Amino acid sequence: MKLYFTRHGKTEWNKEMRFQGMTGDSPLLPESFIEISALGRYLSEVSFEGIYSSPQTRAKMTAEGIVQELITQTNITWSDELKELSVGELEGQPIKVGKEKYPEEMHFLRQDPSQYDPSAFKGEPYEDMLKRSVGFVQQKVETSEDGPLLFVSHGATLVGLIQTLIGTPLAEVRNKGSLSNNSLTIVDYSEGEYTLEVWDDVSFLD
């Protein structure tokens, strides 16, 4: 079974280097709609058994834009389990402010989530995000027939989710870095094992 994962299109706050998180949101950039359509056309011949998306506006509009380009239309299921990792009081703030106020926490968030503690700014524990997102994907895999399945979510959530699925230890889930907006990552599921096939592909955007 093939599992497709994509991060939402680039937003104004992405461009401004601001935290968005679970409650923050900002409009997609005009050029993002062009890239979303390009991704949709790239996937146009894939007949998805299920499409699942975070209900946050930036992800919702990305999922809807992709579906418009598909030959075989599939309904989108919205799930809070695919929302972005919450960074609490930092949401909406410039990332540089977070680094200045909480340098250790921001370092571990980007480099070693096993030591990340967001309690100072009332953020969501990384393990909690993994429990909800990984559990959701596994449940959909178990209740699906042959797939393929598409998941539309967010940067921090997707990196942790995908790396955890393929067995990467928590301390190392950030070793491959971030995922680009509108990128495509593909994981194969077979006989109880998840195998990474494609990571952060943006070739179709050229």
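Residues numbered from 1 in each chain as written. Predicted model: local features only at pLDDT ≥ 70, side-chain atom pairs only at ≥ 80, totals over all residues. Heavy atoms only, no water.

### Side note on the overall build of the protein
Inference 1: Assigned secondary structure in the protein consists of 7 helices and 6 strands.
Inference 2: Secondary structure of the protein in N-to-C order comes out as β-α-α-β-α-β-α-α-α-β-α-β-β.
Inference 3: Its C-alpha atoms give the protein a radius of gyration of 16 Å, within 12% of the compact-globule value 17 Å for 206 residues.
Inference 4: Projecting the C-alpha coordinates of the protein onto the three principal axes gives extents of approximately 50 × 40 × 30 Å.
Inference 5: Evaluated residue by residue, the protein yields a buried proportion of 54% over its 206 residues.
Inference 6: Counting contacts in the protein only where the partners sit at least 6 residues apart, residues at least 24 apart contribute 71% of the total.
Inference 7: Total accessible area on the protein is roughly 9,600 Å²; 45% of this is exposed by carbon and sulfur atoms. (Helix = DSSP H or I, 4+ residues; strand = E, 2+ residues; numbered from the N terminus. Rg over C-alpha atoms; globule rule 2.2 N^0.38 Å. Buried < 20%, exposed > 50% of the residue type's maximum accessible area, 1.4 Å probe, protein only. Contact = heavy atoms within 4.5 Å. Areas by Shrake-Rupley, 256 points an atom, 1.4 Å probe, with all protein chains shown as cover.)

### Thoughts on the layout of surface pockets
Inference 1: Space inside the largest pocket adds up to approximately 450 Å³.
Inference 2: Looking at the lining of the largest pocket, the elements that each hand over two or more residues are α1 (12-15), α5 (103-111) and α7 (155-165).
Inference 3: In the lining of the largest pocket, the residues fall into 9 nonpolar, 8 polar and 7 charged. (1 Å grid on protein atoms, 1.4 Å probe; cavity = no way out; pocket = protein on both sides within 12 Å on 5 of 7 lines; lining within 4 Å. Points joined across faces, edges and corners; volume = space filled by probe spheres on them. Nonpolar A, V, L, I, M, F, W, Y, C, P; charged D, E, K, R; others polar.)

### Quick look at α5
Because each turn of an α-helix spans 3.6 residues, side chains separated by three or four positions in sequence point in the same direction.
Inference 1: Glu105, Met106, Phe108 and Leu109 are the residues of α5 that are buried. Down the axis of α5, the smallest arc covering the buried residues is 165°, so these residues share one side. For α5, exposure combined with an orientation more than 90 degrees from the buried face picks out Pro103 and Glu104.
Inference 2: Elements in contact with the buried residues of α5: α4 (95-101) and α6 (126-143). (Arc of directions from axis to C-beta.)

Taken by themselves, the reported measurements are silent on function.
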